[in-house]
Every structure is written in structure tokens, then in C-alpha cells.
Amino acid sequence: MLFSVTIPTYKSQYLKETIDSVLSQSYKDFELIIVNDASPDDIDSIVKQYDDSRIRYYVNSINCGAKDVVDNWNICLSYAEGDYIVCLGDDDKLKPNCLKNFEDLIRKYPDVDVFHSQTELIDERSQYLKTLGNRPEWESVFSLIYSFEDSGLGAYLYKVETLRKNEGFYKLPYGWSSDFITAFIAAEEHGIVNTFCTGFQYRENGLSISHDISCIEDKINANLKTKDWVISFVNKTNNSSDQNLIKLIPHTIEKKTTQKIELCLQN
């Protein structure tokens, strides 16, 4: 099996749309793993609507909770039997060509450990908002760090073996920046490959953790920890081909962190 698509779920509102988007893939060699984080919502009845042997459904006996949401990402990883994994938010969607686009690039770049799908933003009604900027087909980890933008956890595809070797998804409170750092770690040796076709849809909605104003302090701390991680990462490198980028990254990450903290405080 090539792909494990996983959905760590707690909210039911958009879950059927998310599941439908996975099952509508033009590329069929995948399993769909849904892990219910002991939700009070009736997740069971949504999953039971489907009669598809590719679906594997699990319910956590203890709720990981929003602050420790990365624990549920890693529970999903523990169930994966495919060679590559996508961890998809329970309100996001895949476009029908997503896995096929990844499959084409895997054949072209078999040594790469992390891939990234071009991303569309959609609203609460699944209406198109915008497409995030194009990235080069292949780029180094330092290029990724220098110019990364928030495209959402489900935009990334990882080699399962590599992600497990790296001890799973990098944990920060509420998963803030965990997707970035996980991708940076996976891209350190072989870089990252990006699709030119939009395959992932990231939903902007008021129910997401990013809109929860009760945990601003944790969000600020996560941004500061991300900045410290990035600066430590670039300072330890002996890479010569990306020296110009490496010199620019500390200033860039300082500036981005300040902007993100100011945005947190405004909200």
C-alpha cells in the first residue's frame, strides 16, 4: 500500500466532507485511518455511513485534548500501514488529484522524505478564497525555512519510515508550528518536493484552534520556540551551497515571529 491518509478527529461539522474528499481520489491505493479523540460529537454515526474496506476507524479511550493534539497525530501514525502518510485536519479536504500528483513525484524523487501539495484556502461553505503561492518543484530545507507559509498540516506527505525514525510529528502546544518543524526535520537530508497542481484545501473557519483566544499565551510561546528551533538548526549546519540563505534566515524568522505575536495580541 502506498498511502495512509489519516484524520485525527474531534469535530463533526465538516468530517463527512473531509472523508468524501479522500474517498473521491483518482488514485485508489490507500487506506483511510480515522482516529476519534474521545469526542462528545457523534463521530460514530458519520463513519458508519461508509461501507469501504479502506476505512479503519479507532476511538481513543482517553481524550488527548486540543493542547496535546499532536499526540493524536502520532496515534494516527502508529496505525499507518502505507509507505507514505498524510495527516488531514477534520475540516480540510483533498482535491481528487492529490494522491495521484504525489504518486507521480514519488516516482521521480524516490529518495525524498517529504512532499508538499500546492494549497487552496476555502471558507466555511467550502467556497474558494485563494491559492497560496507556487514553490519550486524541489528545494532545500533552507529554501523551505526561508520562505515557508502556513499551508496546513494536510498539505504535507511524509515517508512513514522517516517520520517514525524522527519520533513522529514534532510536538508544540495546540500543534502550532508543529507541521513546519516536522517538515523541516524531514527535509534536512534530501530537501522537499512540491506539486504544481492544487491538491489540498485548507479551511478557514471560526471553529479551528487558531481562532481560540483563550490560549494566546501558549500560541506566543509556540512561536518563540519555533524561532529558537530554527535559529539553532541553521547555526549547526555545515552546508555550503545555501550559505546566502542561511545568513538571511535568522533575521527573517525574527521578523516573522514578531509579526505573528503582534497578530496574536491583536486578536
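Up top is the structure.
Please read these numbers as outputs of a predicted model, since none were measured by experiment.

> Tell me about helix H9 (residues 243–266), and name the residues and values.
Given a rise of 1.5 Å per residue, 24 residues ought to cover 34 Å, and the 36 Å separating the end C-alpha atoms of H9 matches this to within 8%. By the largest-angle criterion, Ile-249 marks the main kink of H9, which is about 35°, and a proline, Pro-250, follows within four residues. Among all positions of H9, only Leu-245, Ile-246, Ile-249, Thr-252, Ile-253, Thr-257, Ile-261 and Cys-264 are buried. Looking at the packing, one finds that the buried side of H9 touches helix H5 (141–147) and helix H8 (216–235).

> How would you explain the side chain of Asp-179 if you had to name every residue and give the values?
Relative to the elements of secondary structure, Asp-179 occurs in helix H7 (residues 178–187). Here Asp-179 is in contact with Trp-73, Asp-150, Gly-152, Leu-153, Tyr-156 and Tyr-158, once residues within four sequence places are set aside.

> Let's hear about the nonpolar core: which residues, and what values?
With 38 residues, the main nonpolar core has Tyr-158, Phe-169 and Phe-184 as its most contacted residues. Examining the composition of this core, we find that six residues originate from one element, H7, more than from any other. Residues in contact with Tyr-158, not counting those within four places in the same chain, are Asp-83, Tyr-84, Ile-85, Asp-113, Val-114, Leu-163, Phe-169, Asp-179, Thr-182, Ala-183 and Ala-186. If you look at the next biggest cluster of nonpolar residues, it comprises 36 residues, including Ile-46, Ile-106, Tyr-109 and Phe-200.

> Which residues make up the pattern of salt bridges, and what are the values?
In total, this model carries 19 salt bridges according to the counting rule given. With a shortest N-O distance of 3.0 Å, Asp-20 and Lys-16 are connected by a salt bridge. One end of the pair, Asp-20, and the other, Lys-16, are both in helix H1 (residues 15–23), four residues apart, so they sit about a helical turn from each other. The exposure class assigned to Asp-20 is partly exposed, which follows from its relative accessible area of 27%. Two residues, Arg-107 and Glu-103, come together in a salt bridge whose shortest N-O distance is 2.5 Å. With Arg-107 and Glu-103 both in helix H4 (residues 98–108) and four residues apart, the pair spans about one turn of that helix. Residue classification places Arg-107 among the exposed residues on the basis of a relative accessible area of 64%. Three or more residues joined by partner-sharing salt bridges are found here, namely Lys-100, Glu-103, Asp-104 and Arg-107.

> Explain the packing of aromatic side chains residue by residue, including any values.
On inspection of all chains with the given rule, the structure shows 14 aromatic pairs. For Arg-203, the ring lying beneath its charged end belongs to Tyr-14, and the centroid distance is 3.9 Å. Here the basic side chain of Lys-256 rests over the ring of Phe-148, its NZ or CZ set 4.6 Å away from the ring centre.

> Explain the pairing of strand S2 (residues 30–36) to me, and be specific about the residues and the numbers.
The buried fraction of S2 is high, at seven of seven residues. Residue alternation in S2 divides its side chains into two sets, Phe-30, Leu-32, Ile-34 and Asn-36 and Glu-31, Ile-33 and Val-35, and both sets are buried. One ladder, built from seven bridges, connects strand S1 (residues 3–9) with S2; its direction is parallel. Looking at the pairing, Phe-3 lines up with Phe-30 of S2. In this fold, the crossover linking S1 to S2 by way of H1 has right-handed handedness. Pairing of S2 with strand S3 (residues 55–59), which is carried by five bridges, proceeds in the parallel orientation. Its bridge partner being in S3, Leu-32 is matched across the sheet by Ile-55.

> Which residues make up the packing of H8 against H9, and what are the values?
For the pair H8 and H9, the least separation of the axes is 10 Å and the interaxial angle reads 180°. In terms of axis orientation, H8 runs roughly antiparallel to H9. Of the residues in H9, those in contact with Ile-216, Lys-219, Ile-220, Asn-223, Leu-224, Lys-227, Val-230, Ile-231 and Val-234 of H8 are Ile-246, Ile-249, Pro-250, Ile-253, Glu-254, Thr-257, Lys-260, Ile-261, Cys-264 and Leu-265.

About the cut-offs
In every chain, residue numbers begin from 1 and rise along the written sequence. A pLDDT threshold of at least 70 governs which residues receive local features in this predicted model, and a stricter bar of 80 or more applies before side-chain atom pairs are shown or counted, although totals over entire chains, interfaces and linings include all residues. Side-chain calculation: all heavy atoms of the structure are included, whereas hydrogens and water are not. A run of H or I in DSSP counts as a helix once it spans at least four residues, and a run of E counts as a strand once it spans at least two, with each numbered from the N terminus. Any helix carries an expected span of 1.5 Å times its number of residues minus one. What is called the bend at a residue is the angle between a pair of axes, fitted to the seven residues leading up to and ending at it and to the seven starting from it. The buried label applies to any residue whose accessible area, calculated with a 1.4 Å probe on protein chains only, is under 20% of its type's maximum; exposed applies above 50%, and partly exposed to all values in between. Should any heavy atoms of two residues lie within 4.5 Å, those residues are considered in contact. Take the buried Ala, Val, Leu, Ile, Met, Phe, Trp, Tyr and Cys residues and link them wherever side-chain atoms come within 4.5 Å; each set so joined is a nonpolar core. Salt bridges are defined as contacts in which a side-chain nitrogen from Lys or Arg sits within 4 Å of a carboxyl oxygen from Asp or Glu. The rule is short: rings of Phe, Tyr and Trp, with Trp giving its six-membered ring, pair when the centres are within 6.5 Å, and they are stacked under 30 degrees, edge-to-face over 60, tilted in between. Counting as a charge over the ring demands two things of the Lys NZ or Arg CZ atom: a distance within 6 Å of the ring centre and an angle within 35 degrees of the ring normal. Any two strands with at least two DSSP-identified bridges between them are counted as paired. Every crossover in which the path from the first strand over the helix to the second runs clockwise, viewed with the strands pointing away from the viewer, is termed right-handed. Fitted lines through C-alpha atoms serve as axes, helices being fitted only where they are in contact, and the angles separating the N-to-C directions of these axes extend from 0 to 180 degrees. Here the angle decides the label: under 35 degrees means roughly parallel, over 145 means roughly antiparallel, 65 to 115 means roughly perpendicular, and every other value means oblique.

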